[in-house]
Amino acid sequence: MTLSSPIPLPFVPESVARVLAWGASPDAAPYSHKQIAEWCDAFWCCYLEVDAPAEIERLLPLLTDVETQWDLYLANTYSLDQLRTRSFESERMPTEWFEEWLKALEAQS
């Protein structure tokens, strides 16, 4: 599976809220769920080998969950051959998941 065009947002807490809100309202979002999952993974990877500030450290499990759930959603929905050949740009996870992640983010504030 090839990577999508990246979301050009900085890896800061405010961007996480924006990205999750896009996931919760995909019809109005400028980016796909695939791009959102990839952005969450890239954010997480930036702090993989360094000590993150506390405000970032609290976000990392949530970011990992978004990307992991994307992978699991695809793995449980498509065959191995489909996973190798499709782009998944138009695929959507349940929006309720994004609403729950937004609630979890708000609870951290």
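Structure: above.
Keep in mind that this is a model prediction, so the values were computed, not measured.

Thresholds, definitions, all that
Residues numbered from 1 in each chain as written. Predicted model: local features only at pLDDT ≥ 70, side-chain atom pairs only at ≥ 80, totals over all residues. Heavy atoms only, no water. Helix = DSSP H or I, 4+ residues; strand = E, 2+ residues; numbered from the N terminus. Rg over C-alpha atoms; globule rule 2.2 N^0.38 Å. 1 Å grid on protein atoms, 1.4 Å probe; cavity = no way out; pocket = protein on both sides within 12 Å on 5 of 7 lines; lining within 4 Å. Points joined across faces, edges and corners; volume = space filled by probe spheres on them. Nonpolar A, V, L, I, M, F, W, Y, C, P; charged D, E, K, R; others polar. Expected span 1.5 Å × (residues − 1). Buried < 20%, exposed > 50% of the residue type's maximum accessible area, 1.4 Å probe, protein only. Contact = heavy atoms within 4.5 Å. Axes fitted to C-alpha atoms, helices over the stretch in contact; angles between N-to-C directions. Parallel < 35°, antiparallel > 145°, perpendicular 65-115°, else oblique. Left-handed = near helix turned anticlockwise from the far one by under 90°.

1. Comments concerning the overall build of the protein
Right, on to step 1. A count of helices and strands for the protein gives six helices and zero strands.
Right, on to step 2. Ordering the α and β elements of the protein from the N terminus gives α-α-α-α-α-α.
Right, on to step 3. What you see for the protein is a C-alpha radius of gyration of 14 Å, in line with the 13 Å of a compact globule of 109 residues.
Right, on to step 4. Seen along its three principal axes, the alpha-carbon backbone of the protein occupies a region of about 40 × 30 × 25 Å.

2. Some words on the layout of surface pockets
Right, on to step 1. Its boundaries defined by the atoms lining it, the largest pocket holds a volume of some 260 Å³.
Right, on to step 2. Residue lining of the largest pocket: 18 residues in total, with L3, K34, A37, E38 and W39 positioned closest to the centre.
Right, on to step 3. Taken together, the elements giving at least two residues each to the lining of the largest pocket come down to α2 (33-46) and α4 (60-77).
Right, on to step 4. The biggest single contributor to the lining of the largest pocket is α2, with seven residues.
Right, on to step 5. Classifying every residue of the lining of the largest pocket by side-chain character gives nine nonpolar, four polar and five charged.

3. Describing helix α1 (residues 13-24)
Right, on to step 1. In this model α1 runs 17 Å from its N-terminal to its C-terminal C-alpha over twelve residues, within 8% of the 16 Å that 1.5 Å per residue would give.
Right, on to step 2. Among the residues of α1, those classed as buried are S15, V16, V19, L20, W22, G23 and A24.
Right, on to step 3. As for α1, its buried residues are in contact with α2, α4 and α6 (95-108).

4. Thoughts on the environment of D71
Right, on to step 1. Structurally, D71 is set in helix α4.
Right, on to step 2. Accessibility expressed as a relative area gives 36% for D71, which makes it partly exposed.
Right, on to step 3. Separated by 34 residues in the primary sequence, D71 and A37 place their C-alpha atoms 8.7 Å from one another.

5. Overview of the packing of α4 against α6
Right, on to step 1. Running from N to C, α4 and α6 cross one another at 170°; their axes reach a closest spacing of 11 Å. As far as their axial angle goes, α6 and α4 are roughly antiparallel. Note on packing geometry: the crossing formed by α4 with α6 is right-handed. Residues L62, D65, V66, Q69 and Y73 of α4 form the contact with α6, whose participating residues are W97, F98, W101, A104 and L105.
Right, on to step 2. A breakdown of the residues in the contact of α4 with α6 according to their chemical character gives eight nonpolar, one polar and one charged.

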